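# Coordinate inspection notes
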Amino acid sequence: AGSTSASTIRQVKLDRESELRIEVGYDSPLRLRLVTGTAEIFGTELPPEIWLTFPPRLKFAVFAWYGATIELDGTTETDYTADETPMISYVNVHAILEGRRNRAKASSSEGPRVIVVGPTDSGKSTLSRMLLSWAAKQGWKPTFVDLDIGQGSITIPGCIGATPIEMPIDPVEGIPLEIPLVYFYGHTTPSNNVDLYKVLVKELSQMLERQFAGNAESRAAGMVINTMGWIEGVGYELLLHAIDTFNCNVVLVLGQEKLCSMLRDVLRNKPNVDVVKLQKSGGVVSRNAKFRQKARSYRIREYFYGLANDLSPHSNIANFSDLSVYRIGGGPQAPRSALPIGAEPAADPTRLVHVNINRDLLHLVLAVSFAKEPEEIISSNVAGFIYVTDIDIQRKKITYLAPSAGELPSKFLIVVCEALGFDSKCF
Ligand code: ATP
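Conventions we followed
Residues numbered from 1 in each chain as written. Predicted model: local features only at pLDDT ≥ 70, side-chain atom pairs only at ≥ 80, totals over all residues. Heavy atoms only, no water. Helix = DSSP H or I, 4+ residues; strand = E, 2+ residues; numbered from the N terminus. Rg over C-alpha atoms; globule rule 2.2 N^0.38 Å. Buried < 20%, exposed > 50% of the residue type's maximum accessible area, 1.4 Å probe, protein only. Contact = heavy atoms within 4.5 Å. Lys, Arg positive; Asp, Glu negative; His and termini not counted. Charge placed at Lys NZ, Arg CZ, Asp CG, Glu CD. Polar contact = N/O pair within 3.5 Å; in protein donor to acceptor, adjacent residues only side chain to side chain. Pairing = 2+ DSSP bridges. Disulfide = S-S within 2.5 Å. Arc of directions from axis to C-beta. Near = heavy atom within 4 Å. Areas by Shrake-Rupley, 256 points an atom, 1.4 Å probe, with all protein chains shown as cover. Nonpolar A, V, L, I, M, F, W, Y, C, P; charged D, E, K, R; others polar. Phe/Tyr/Trp six-rings, centres within 6.5 Å; stacked < 30°, edge-to-face > 60°. Lys NZ or Arg CZ within 6 Å of the ring centre and 35° of its normal. Axes fitted to C-alpha atoms, helices over the stretch in contact; angles between N-to-C directions. Parallel < 35°, antiparallel > 145°, perpendicular 65-115°, else oblique. Left-handed = near helix turned anticlockwise from the far one by under 90°.

## Some words on the overall build of the protein chain
Counting its secondary structure elements, the protein chain contains seven helices and 23 strands. Its C-alpha atoms give the protein chain a radius of gyration of 23 Å, near enough to 22 Å, the size a compact globule of 427 residues would have. Considering the protein chain as a whole, with its 427 residues, one finds that 51% of them fall into the buried category. Put simply, of all contacts in the protein chain between residues at least 6 apart along the chain, 73% involve residues at least 24 apart. Within the protein chain, the 47 negative side-chain charges are centred at a point lying 2 Å from the centre of the 44 positive side-chain charges.

Shown next, in the form of structure tokens:
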């Protein structure tokens, strides 16, 4: 029986087609519930009456198609309502994709393969999420592909991956990760090893192609691909590579005329590819380099400890001889532009290098490969990640945290040259 006078609950009324944009405070979570009407968060409907708890720093919007009343409990960094949003155009895209899925299902052919492109902070991940949740609400199981190695949402930074979306995405928990298909690149920018990035994109697409071949349901539902915000130079080249590799037939360009017209121009001889320009939402929050860096370490922490500290990773000990650690690529690659014309960079970017276990591995995150032989490491997806907490040179033992107890699914581990923006204070 606490005093009700100290209550911080506030009500917010949302008009038809308007949204409440919220940045949760930095130190404490925010509780929110839908009191009347209907509302959704990035495509997922809110359950009536039930309080939901949003963790600190989360940025999101509650959108009402027909009007709603929301209650908030707690402090926010900012919150305001906006009635100008691009939601109608987004849902129109969804309607067109729906038509294509139905046609694909009827003719046992391939559903839409959508790729979302645009500069950083244009709302790519958010649009991907809405399209997936709206599709899942209608009973489809589209595949989400995340090619964003910096701020991606599949496992930890430095990865690309894919996962089927079978239900509207939980507004708090985010993308479900029960059975993700993950490839470990190991850096947060593709420029460190462009060739390796391309190889992994190719591997991922081939794996999905094989899965689609045996699964008409997911083939008809199609995929939604989220990309990096790097859209110039090599970044642009990688977008074209992704569009081509995944055989995309819908390119959604967020918030940039120039990119849209460049893509229309280069794709004009592919009449089955639609390039659609969409407006960026005014609600998208820009994040600076420091914030992005922080967000990356939080994601790594979240992988081991859960969003609300609700997981407890296991500490395990292994003998040096039980593990085999590799690095991909011969260190940083000299940019081609720095070499004399015609010369090739000396280090093969997809070369596998065996790494001796020593204290250099301390406090690093290593990927656990599904490979059975070293030769398979580059082309294999990864089972998960471990975090090295101790190296005992004398006893030749390595102590590490893993999400679960028991033996690792493989002895082959991949190490990165860079710390992935990882902050050991997090542990
Ligand atoms: P990146 O540059 O990392 O690829 P992005 O283009 O994918 O970013 P998002 O991640 O979709 O951008 O959006 C950036 C941030 O803005 C996210 O925290 C997201 O939750 C928030 N956001 C997006 N749309 C809205 C909105 N309408 N209201 C409030 N916050 C929003």
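## Focus: the side chain of Thr69
Within the element layout of this structure, Thr69 appears in strand β8 (residues 68–73). By relative accessible area, which is 6% here, Thr69 ends up buried. A distance of 2.6 Å separates polar atoms of two side chains, one belonging to Thr69 and the other to Thr36. Setting aside residues up to four positions removed in sequence, Thr69 forms contacts with Gln11, Val12, Lys13, Arg33, Leu34, Val35 and Thr36.

## Remarks on the sheet that holds strand β5 (residues 44–45)
Pairing within the open sheet is antiparallel, and its five strands lie in the order β5-β4-β7-β2-β9. The outermost strands of the open sheet, each flanked by one partner alone, are β5 and β9 (76–82). With two bridges joining them, strand β4 (residues 40–41) and strand β7 (residues 59–64) adopt antiparallel strand pairing. Each residue of the ladder has a partner; that of Glu40, found in β7, is Phe63.

## Quick look at the state of the cysteines
In this structure the tally under the stated criterion is zero disulfides. Counting only cysteine sulfurs, Cys260 is the nearest neighbor of Cys248, a cysteine outside any disulfide, at a range of 15 Å.

## Side note on helix α6 (residues 257–266)
Listed as buried for α6 are Leu259, Cys260 and Leu263. All buried residues of α6 project into a common sector of 100° when viewed along the axis, lining one side. Looking at the packing, one finds that the buried side of α6 touches β10 (113–117), α5 (234–245), β15 (250–254) and β16 (274–278).

## Points about the pairing of strand β18 (residues 324–328)
Here β18 lies mainly inside the structure; four of its five residues are buried. Sheet topology places β18 next to strand β19 (residues 352–355); four bridges connect them, and they run antiparallel. Paired with Val325 across the two strands is Val355, which belongs to β19.

## A closer look at the site of the ligand
In the vicinity of the ligand there are 21 residues, among which Lys59, Lys124, Ser125, Thr126 and Arg287 approach most closely. One nitrogen or oxygen atom from the main chain of Asp121 is found 2.8 Å from an oxygen atom belonging to the ligand. In the model, an oxygen atom of the ligand is placed 3.1 Å from a nitrogen or oxygen of the Arg292 side chain. In isolation the ligand has 630 Å² of accessible area, and contact with the protein removes 92% of it. Taken together, the elements giving at least two residues each to the shell around the ligand come down to β2 (18–24), β7 and α2 (124–137). Grouping the constituent residues of the shell around the ligand by class yields five nonpolar, eight polar and eight charged.

## A short note on the packing of aromatic side chains
If you walk through the whole model with that rule in mind, you get nine aromatic pairs. Aromatic pair Tyr303 and Phe304: ring centres 5.0 Å apart, planes at 90°, arrangement edge-to-face. Each of the two residues, Tyr303 as well as Phe304, counts as buried. An aromatic cluster of three or more residues is present, and its members are Phe184, Tyr303, Phe304, Phe385 and Tyr387. We note Arg31 situated over the ring of Trp51; from NZ or CZ to the ring centre the distance is 4.3 Å.

## Digging into the packing of α5 against α6
Interhelical geometry of α5 versus α6 gives an angle of 50° and a closest axis separation of 12 Å. Considering the angle they form, α5 stands oblique to α6. Seen along the crossing, α5 lies across α6 with a hand that is right-handed. Across from Tyr236, Leu239, Leu240 and Ile243 in α5, the residues of α6 making contact are Leu259, Met262, Leu263 and Val266. Class assignment for the residues of the contact of α5 with α6 results in eight nonpolar, no polar and no charged.

All we've got here are geometric facts, nothing functional implied.
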